[in-house]
Amino acid sequence: MKTKLIGLAILLVVIIGAVLYVVLSDEKEMTEINGFVGGEKIGMLEDEEIQEILRDDYGLVIDYAKAGSIDMISADSTGKDFLFPSNQTALELYIQQNGTPRKSEIILNTPIVLYTRSAVAEALLQKGIASKTDGVYYVDMEKLTAAIEAGTSWADIGLPQLYGSVTVGTTDPTKSNSGNMFAGLLANTLCGGVADESNLSEILPRLQSIFQKLGYMESSSSDLFDQFLKTGMGAKPLIAGYESQLLEFAVENPDTWEQIKEDIVMLYPTPTVWSSHVYIALDEAGEAGIDALLDEEVQKLAWEKHGFRTGVYDTPTDKDHFGVDGIAEELTQVAPMPDAATMDAIIKALS
Amino acid sequence: MKNKKKLIVLLLIIMTLAGLFAGCGDDSGDDNHDSDYDGEAVLRIISGSENSELEPILEEFTAKEGIRVEMTYQGSLDIMRLLGEEEIPYDAVWPASSLWLSTGDTQHRVKHAESISITPVVFGIRQSLAEELGFVGREVSVSDILSAIQEDKFSFCMTSATQSNSGASAYIGFLYALLGNPEMITAEDLQSPQLQGQVTELLSGVDRSSGSSDWLKDMFLEGDYDAMVNYECLIIKANEELEARGDETLHVVYPYDGLSLADSPLGYVDKGDDEKEKMFLKLQEYLLSEDVQNQIQRTGRRSGYTGISDENRDVFRSDWGLQPDRVLSPIKMPASDVLFECLNLYQTDFKKPSLTVYCLDYSGSMSGEGNEQLVSAMEQLLIQENARKNFLQASENEVNILIPFEGQVINAYTARGNGSELEALYDKVRDQEVGGGTDMYAAAVRGINMLKEYDLSQYTPAIILLTDGQSAGSISDFESAYQRLDAEVPVFSIMFGDADETQLEMLAQYTNARVFDGRENLTEAFRSVKGYN
C-alpha cells in the first residue's frame, strides 16, 4: 500500500516537474558562440550593458579566447564559431588560406596612434618630429622613422634619463594587429607612398633592422598598453596602439585617469592607418554575431564606453565625455594599408 | 540562462523526491545528503616565489571573500614550460614577468592578465663594500660591476638564469654589457669566443646559485656573502631583516645599462569554468584595488599608476640606495629564439659546472613504487634529451656522482661530462637492487669525502639526498666530515615516504640548503633541486 502511494507521489512530482520545465523553458533560445578575439576588444565584449542587449534582443552569449589578429588566422579554429581580428588583412589572409568565410563584416574602426609621456612628447615637439594643432598632437612619420633608422638615442633628443635609442614599442607584427599595422605604416613611410611588390625589396631590409632592435615583443595590444601605463616612462617611452584603448581606459578608470592624464599623450601619426575590426563568421551560429554587434545601441556603446569609431557613428559627435584631451575630430591624413600579399611578405620577413 | 532554469527544475524534482522518501521512511535518523558539501571555493595559482611575501594579503582576501588561494611556487621558466603543456592543473598563473607568460602561452589559454606590481632586478651590495667600490651616489653601469668582479673585489649570488626570472634578467644584462651594449643581442653575437670567455669568467664569480629568488634571499641572510642580484623588493625585505638583527645592510645599485623589470602579471587559465573565472576576477580586482595596491607597495613593490606615494617613502629608503623616483629604463629582451639560445648556452657553456653528488636511498622500504618513482625522476635529469626540455642539461665539464645507500653506502660512481658516462650513471640508478636499512649520514659523509678530490672553486657543488625513512647514524658524524672539507656545500634533501623532516631540516640548516618535498611529485622535486646548482 505504502509503496503504491510513493509510486503515485513520484509520478505526480515528475508530471509537475515536466510541466514546469516546459513552461520555464518557453523563452528565447540562448545560443553561446565562441571565437578568437583580439585583446583590445575584450573590454567591450565584457561590457554588461552590451552583453544584456546581445542576450535579450539576440539570444546570444559571446564567449572568447584572446588571440593576436594574425595568430588567430593560423591557429586551430576547431569548435570556434567566429574570428574577430582587428584588420582587413587578417580577413584577406583568411580567404587565401581557407577560402571565403560564411560571412564577414567590419564592425568597428579605430586609428593607429602612438602613446607617450608628456616629457617625451615635449622632446618630440622640440625636435620637430611632432606638432600640435588645436590641442591635437600629430607625429610626422617620416621624421620619426628617420630618427629611428639613424639610431638616434633618447639622450640625443633631450631625454638622458632614458636608456637606449628611439624606438616605437609595438606588439609582435607577426602575431598581433597593432604591431602588424604599424609595420604596414612604417613600410608606407619608407617608400613614401603605399608599399607594394614594386618597392618591397628596398623596404624589407630597412624594416627588418627597425624591428630587430625591438627584440622581444608582446603578442597582445592590451598587454602592451597595460605595461605602458604601469611600467612608466622608462620601460615604454613610446608605443603604438589604438585610439580606442586610451578612450576606453579613461571611461573605465575615471579616477586613475584623472591622476595620470597630465602625463599621458596620444599622438596621431601623419598619415595614419585605420584598424578595421572585421568579424569573420565561421559557421551559422557565428553569423548571428554580426547582426548583434551591428545593433545601433551596441554601436553607440562601443563608441561611448570603448572608444571605437563605428560605422553608424562615423564622426564622434560627442567626445567630451571621455575627459581625454587631444582627440582628433576627424582624420584627414589616412593611408590605405599595403595589400595582403605585401603584408604577407612583410610578416614573413619579420618572422 | 535556460540551462540554469532547467537545472533548478531538476533540483526541485530531486529534492521533492528526496523529501518524500525521508517522510515515508521513519528509520532514517541522520540525513546523509547533507547540503554541507558544496565544493570549497579555491583558486590554485602557480606563482614565482617572490610572491610568497604577499601571502598575508592573500589571506585577508580569503577571510573577506571565502575564497581560498592555494599558491604553488615555481620558477618563471617552469611556469612558461607548464603553459605549453596539454594539462595545466592550476586556475591562474603569476610569473615574475610577462615575458614568460607570452612566450609560454602559445595556445592562448590565459586571459585577464594584468600586472599587479613592478619591481626591478638590481644588485644589492654590502654598504661598506659598495662605498669602497665607489658605487654609492653615482650612476653605475654593468661594466663597472663586471670589472670589480673581474678584479676579484667581490663575488655575488644570483639565481639560475635557466630557472628563475631574476637570474635570467641579470644574465641578459651581463651579455649586453659584455657585447658593448649593442641595440639588440643577435644569435651571431653569442658565437663570439671573446664573449664566451668573458661570460664564463664573470659567472665564475657567482658564489652560490638558487632556483628561486625568494630562497636566494633566505640563503643570503643565512650565509656570509658580499652581494646578490635580486628583485628590489626582496633586497628591501632582506635589509629590513639585516637591520633588525643589527647587521650591515645592502646598498641597492641600479645598473643603468642592464636593468630589467619584473611586471608580475596575474592571468587566468581559461578552462571554461565560469565560477572560477568570477573568483579569479574577484581576486584580481581585490589586488588592484587602491587599498591593497597601497599594501603591496609597502612590501617594497612599485604598484599603481602614479609612483610611490608619500606615505610609503619610508619603505624605499634612500640611505639603502633606493631611488623611488628613478625612471626605470630597462634593456630590451631579445626575441624568444635568441633568448632561448642565451639560456641554453648559460646551462651548457657559461655557468660554473655543477658538481652534484646524488645520495639515493635504496633501503627496503623503497621497493616497488618508491623505487620506480626514483628511477623515473632520475631519468629526467640524467638522460640529456629529457633534461634539455627543462634547461637542466649537463655541461661538458660537469661532474655527477651517484652514491646509492641503505644501512651503509652501497657503492659510488662518478660520471664526467655530458656524454656516455652520464647516461651510464642512469643504468646504475635503474639496476641497483633495493633492500636493507637507512643511513643517510653515511652516504652524505662519503659524498663530502669524495668532494675533497676536487677544486671546489671551479664548480657549483651540491649534495642532493633522497631518503624515505628515519635514518640511523647521527648528524655529528656528518658535521665532523663537513668541517674537515672547509667549503660551503649545500646538502639539499628530498623528503619521500616516511622520511624524518627534522633530520633533513637539520642537515639543510647546517649547510645553508633547503628541504624539498618529493611526496607529491618526486620528479618535480628532483627538477627543482637540480635548478639550485
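The rules behind these values
Residues numbered from 1 in each chain as written. Chains lettered and ligands numbered in written order. Predicted model: local features only at pLDDT ≥ 70, side-chain atom pairs only at ≥ 80, totals over all residues. Heavy atoms only, no water. Helix = DSSP H or I, 4+ residues; strand = E, 2+ residues; numbered from the N terminus. Buried < 20%, exposed > 50% of the residue type's maximum accessible area, 1.4 Å probe, protein only. Contact = heavy atoms within 4.5 Å. Areas by Shrake-Rupley, 256 points an atom, 1.4 Å probe, with all protein chains shown as cover. Lys, Arg positive; Asp, Glu negative; His and termini not counted. Charge placed at Lys NZ, Arg CZ, Asp CG, Glu CD. Salt bridge = Lys/Arg side-chain N within 4 Å of Asp/Glu carboxyl O. Pairing = 2+ DSSP bridges. Core = buried A, V, L, I, M, F, W, Y, C linked by side-chain atoms within 4.5 Å. Domains from an automatic or database assignment.

Section: the overall build of chain A
Now for step 1: Along the backbone of chain A there are 15 helices and 10 strands.
Now for step 2: Dimensions of chain A along its principal axes, counting C-alpha atoms only, are 100 × 45 × 35 Å.
Now for step 3: Classification of the 351 residues of chain A by burial places 57% in the buried group.
Now for step 4: Put simply, of all contacts in chain A between residues at least 6 apart along the chain, 77% involve residues at least 24 apart.
Now for step 5: Working note: accessible area of chain A is about 14100 Å², and carbon and sulfur atoms make up 49% of it.
Now for step 6: If you average the places of the 24 positive and of the 54 negative side-chain charges in chain A, the two averages end up 5 Å apart.

Remarks on the pattern of salt bridges
Now for step 1: Counted under the stated rule, the structure contains 48 salt bridges over all chains.
Now for step 2: One continuous salt-bridge network, built from bridges that share partners, spans Glu53, Asp214, Lys217, Asp218 and Lys237 of chain B.

Digging into unusual backbone geometry
Now for step 1: Following Thr270 of chain A, the chain continues into Pro271 of chain A via a peptide bond in cis, with omega recorded as -10 degrees.
Now for step 2: Turning to its location among the elements, Pro271 of chain A is positioned in the loop between β8 (264-270) and β9 (274-281).
Now for step 3: We note that His112 of chain B has phi near 60 degrees; this positive angle belongs to a residue other than glycine.
Now for step 4: For His112 of chain B, the position within the fold is in strand β4 (residues 110-115).

So, the pairing of strand β6 (residues 136-140) of chain A
One face of the sheet, then the other: side chains in a regular strand alternate in exactly this way.
All names here are of chain A.
Now for step 1: Of the pairings in the sheet, the one linking strand β5 (residues 130-133) to β6 comprises 4 bridges and is antiparallel in character. In the strand pairing of β6, Lys132 is matched with Tyr137.
Now for step 2: Note: β6 against β8, 4 bridges, orientation parallel. Pairing of Val139 across the sheet is with Pro269, part of β8.

Describing the nonpolar core
All names here are of chain B.
Now for step 1: Ranked by size, the top nonpolar core spans 94 residues in total, and within it Tyr358, Leu360, Leu374, Leu466, Phe478, Ile494 and Phe526 carry the most contacts.
Now for step 2: Per-element accounting of this core gives the leading share, 8 residues, to helix α17 (residues 440-451).
Now for step 3: Taken together, domain 2 (119-261 + 331-339) and domain 3 (353-530) each give at least three residues to this core, which thus spans both.
Now for step 4: Judged by nonpolar contacts, the second largest core, of 57 residues, contains Tyr176, Cys233, Val253 and Phe391.

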